[in-house]
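Here's the letter readout for the chains.
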Amino acid sequence: MANTFKVKTVQNVPNTSAFVYQCPDDTTAVVLGMLVSNTNATADLTCTANMITDTAETKDVSGGGVTETNYDTCLLPAVPIPRATSLELFSGQKIVLQATDGIKIKSSITGLSMDVTLTLMEMT
């Protein structure tokens, strides 16, 4: 199993939900951190981040088929970020993404206002 550190960046995040990262097939990813920067010098904004998943697995537990289903979750619920500042997320925490899981992010304003840097490790 190969482990590869990666960085994903998005500039000018829109005010509609957009993927920062989606885990490839046959891969597990561990999110190590995310930095969100309000690059607007005059306006505050809010940032929303969600984990998107369609994971549903059937596992054999003591001979009975058990289905494990994950659901989309809110990782960051419209948190304010003052103008010309950054917010570090998941510092010291880990988020595991299975194949096809992803992280979407959205800004409260559109244009040249919010950048995102996501650091992770992919295991293939």
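Note that this is a predicted model, so its numbers are computed, not measured.

Concerning the overall build of the chain
If you tally the helices and strands in the chain, you get zero helices and 11 strands. Sequence-ordered secondary structure for the chain, helices as α and strands as β, is β-β-β-β-β-β-β-β-β-β-β. Buried residues in the chain amount to 32% of all 124 residues. Taking the contacts inside the chain whose residues are at least 6 apart along the sequence as the reference set, 85% of them involve residues at least 24 apart.

Focus on the environment of Asp72
Residue placement: Asp72 occurs in the loop between strand 6 (64–69) and strand 7 (73–81). Residue classification places Asp72 among the partly exposed positions, given a relative accessible area of 46%. Note: C-alpha distance between Asp72 and Gly102 (30 residues apart in sequence) is 9.5 Å. Those residues in contact with Asp72, other than ones at most four positions away along the chain, are Met51, Ile52 and Thr53. Polar contacts involving the side chain of Asp72 include one to the main-chain amide nitrogen of Thr53, which spans 2.8 Å.

Section: the nonpolar core
Formed by 24 residues in total, the largest nonpolar core has its most connected members in Met34, Val36, Leu97, Ile105 and Leu118. Sorting the residues of this core by element identifies strand 2 (18–22), strand 3 (28–38), strand 4 (45–52), strand 7, strand 9 (95–97), strand 10 (102–107) and strand 11 (114–123) as the ones contributing at least two each. If near-sequence neighbours (up to four positions away) are discounted, Ile105 is found in contact with Val13, Thr16, Ser17, Ala18, Val20, Met34, Val36, Cys47, Thr48, Ala49, Met114 and Val116.

Here we look at unusual backbone geometry
Even without being glycine, Asp26 reaches a positive phi, approximately 55°. One non-glycine residue, Ala78, adopts positive backbone phi at about 50°.

Describing the sheet that holds strand 4
The strands that make up a sheet pair up through hydrogen bonds in the backbone, lying either parallel or antiparallel. One open sheet accounts for four strands, arranged 2-10-4-7; its pairing is antiparallel. With one partner strand each, in any of the chains shown, strand 2 and strand 7 form the two edges of the open sheet. Neighbour-to-neighbour, the strand axes of the sheet open up by a mean angle of 20°, direction not taken into account. Note: strand 4 against strand 10, six bridges, orientation antiparallel. Bridge assignment links Asn50 to a residue of strand 10, and that residue is Lys104.

Procedures and definitions
- Residues numbered from 1 in each chain as written.
- Predicted model: local features only at pLDDT ≥ 70, side-chain atom pairs only at ≥ 80, totals over all residues.
- Heavy atoms only, no water.
- Helix = DSSP H or I, 4+ residues; strand = E, 2+ residues; numbered from the N terminus.
- Buried < 20%, exposed > 50% of the residue type's maximum accessible area, 1.4 Å probe, protein only.
- Contact = heavy atoms within 4.5 Å.
- Polar contact = N/O pair within 3.5 Å; in protein donor to acceptor, adjacent residues only side chain to side chain.
- Core = buried A, V, L, I, M, F, W, Y, C linked by side-chain atoms within 4.5 Å.
- Pairing = 2+ DSSP bridges.
- Axes fitted to C-alpha atoms, helices over the stretch in contact; angles between N-to-C directions.

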